[in-house]
Amino acid sequence: MYRIIKRILDILIAIVALIILSPIFIVAIIVLALTGEHEVFYPQKRVGYKQKEFKMWKFATMVKDSEKIGNKDMTLRNDPRVTQVGRILRKTKINELPQIFNVITGEMSIVGPRPLLRVSFEMYRPEHKDKVYNSKPGITGMGPLLMRDEEKIVSDAADNGHDPRDFYKNHIYPYKGKVEMWYQEHKSIKTDLLIIFLTAWVIVFPNSLLPYKIFKTVPSRPIEFDN
């Protein structure tokens, strides 16, 4: 029953969001078509439900062939591969909006584990990899909610002498895995609706600890993320 209700809500929310956000879509499409690389949409293979890959859509925010340049699959603070318009889209999360179409087609959900590149997915511990995509990947979820400053965390670690890839493997993904396992154990319509509300909340109040106050049993944020 949960899956049926979740799918109905996904379609309803996606359609309503598409209608309400259509002016933003139109402006983003025009601006991207006229600036930077003149690329509007960026399709990318991601790991999805039951570990099957699918094509996820975003607004283009980087230069062409960015995955072959610099940090490749990792994006750090002030990454030179990100275009000027792309920085605004990424900061406001507008770049994620085309995933609404992935929700409508059933490849994604509004709430779920974030779909990762295969190389990033392999950084999960084995016990996490086996279960994390027992739910459809989502536009938002516990991972994005609690790790909304992920880019800053890794950039700060790099500034302090840590190798970014090692930091991801040894710190970021172990915590993400625990958080996603928490979601698998607590997923419900109520949890999903709270995550949607909190996602909007932290966009307005990025330093808010409200997610931890509402989800009291979620794994605590590692202290090294704030050093």
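Look up a bit, the structure's there.
Attention in this report is confined to the structure presented alongside it.

Glancing now at the layout of surface pockets. When its volume is computed, the second largest pocket comes out at roughly 210 Å³. Taken together, Tyr-2, Arg-3, Lys-6, Arg-7, Asp-10, Tyr-49, Ser-109, Asn-134, Ser-135, Lys-136 and Lys-187 make up the full set of residues lining the second largest pocket. Sorting elements by how many residues they give to the lining of the second largest pocket places helix α1 (residues 2-20) first, with five residues. Looking at the lining of the second largest pocket residue by residue, the classes come out as two nonpolar, three polar and six charged.

Let us now look at empty space enclosed by the protein. One pass over the structure, following the stated rule, counts two cavities of 30 Å³ or more. Quantified by volume, the largest cavity comes out at close to 70 Å³. As for the largest cavity, its lining consists of Lys-6, Leu-9, Asp-10, Ile-13, Ser-109, Ile-110, Val-111, Ile-189, Asp-192, Leu-193 and Ile-196. Elements with a minimum of two residues in the lining of the largest cavity: α1, β3 (109-111) and α10 (189-204). Residue composition of the lining of the largest cavity, grouped by class: seven nonpolar, one polar and three charged. There is about 60 Å³ of room inside the second largest cavity.

Under the definition given, this model contains nine salt bridges. When the shortest N-O distance is used, the salt bridge between Lys-58 and Glu-96 registers 3.6 Å. Remark: Glu-96 occurs in the loop between α3 (84-92) and α4 (99-104) and Lys-58 occurs in strand β2 (residues 53-59); sequence separation between them is 38 residues. Of the two residues, Lys-58 and Glu-96, both sit in the buried class. Linking Lys-152 and Asp-156 is a salt bridge whose minimum nitrogen-to-oxygen distance equals 2.8 Å. Taken as a pair, Lys-152 and Asp-156 lie in helix α8 (residues 150-159) at a separation of four residues, close to a single helical turn. Through salt bridges with shared partners, one network takes in Lys-58, Glu-96 and Arg-114.

The final tally for this structure, using the stated rule, is 13 aromatic pairs. Taking 6.4 Å as the distance between ring centres and 50 degrees as the angle between the ring planes, the aromatic pair formed by Phe-167 and Phe-225 counts as tilted. One end of the pair, Phe-167, is in helix α9 (residues 164-186); the other, Phe-225, is in the segment after α11 (210-214), and 58 residues separate them in sequence. Relative accessible area serves as the criterion here: at 4%, Phe-225 is assigned to the buried category. Ring plane angle 85 degrees and centroid distance 5.7 Å describe the contact between Tyr-175 and Phe-225, whose orientation is recorded as edge-to-face. One end of the pair, Tyr-175, is in helix α9; the other, Phe-225, is in the segment after α11, and 50 residues separate them in sequence. Neither Tyr-175 nor Phe-225 differs from the other in exposure class; each is buried.

Counting 46 residues, the largest nonpolar core has Phe-59, Met-142, Leu-146, Ile-172 and Phe-215 as its most contacted members. Those elements that provide at least two residues to this core are α2 (22-34), β2, α4, β3, α7 (142-146), α8, α9 and α10. Looking at this core element by element, the count peaks at nine residues for α9. In this structure, Phe-59 is in contact with Phe-25, Ala-28, Ile-29, Leu-32, Val-40, Phe-41, Tyr-42, Leu-89, Ile-94, Asn-95, Leu-97 and Pro-98, ignoring residues within four places of it in sequence.

Further remarks concern the packing of α1 against α10. The N-to-C vectors of α1 and α10 enclose an angle of 25 degrees; their axes lie 10 Å apart at closest approach. Between α1 and α10, the interaxial angle falls into the category roughly parallel. Where α1 approaches α10, its residues Tyr-2, Ile-5, Lys-6, Leu-9 and Ile-13 are matched on the opposing element by Ile-189, Asp-192 and Ile-196. Along the lines of polarity and charge, the residues of the contact of α1 with α10 split into six nonpolar, no polar and two charged.

How each quantity is defined
Residues numbered from 1 in each chain as written. Predicted model: local features only at pLDDT ≥ 70, side-chain atom pairs only at ≥ 80, totals over all residues. Heavy atoms only, no water. 1 Å grid on protein atoms, 1.4 Å probe; cavity = no way out; pocket = protein on both sides within 12 Å on 5 of 7 lines; lining within 4 Å. Points joined across faces, edges and corners; volume = space filled by probe spheres on them. Helix = DSSP H or I, 4+ residues; strand = E, 2+ residues; numbered from the N terminus. Nonpolar A, V, L, I, M, F, W, Y, C, P; charged D, E, K, R; others polar. Salt bridge = Lys/Arg side-chain N within 4 Å of Asp/Glu carboxyl O. Buried < 20%, exposed > 50% of the residue type's maximum accessible area, 1.4 Å probe, protein only. Phe/Tyr/Trp six-rings, centres within 6.5 Å; stacked < 30°, edge-to-face > 60°. Core = buried A, V, L, I, M, F, W, Y, C linked by side-chain atoms within 4.5 Å. Contact = heavy atoms within 4.5 Å. Axes fitted to C-alpha atoms, helices over the stretch in contact; angles between N-to-C directions. Parallel < 35°, antiparallel > 145°, perpendicular 65-115°, else oblique.

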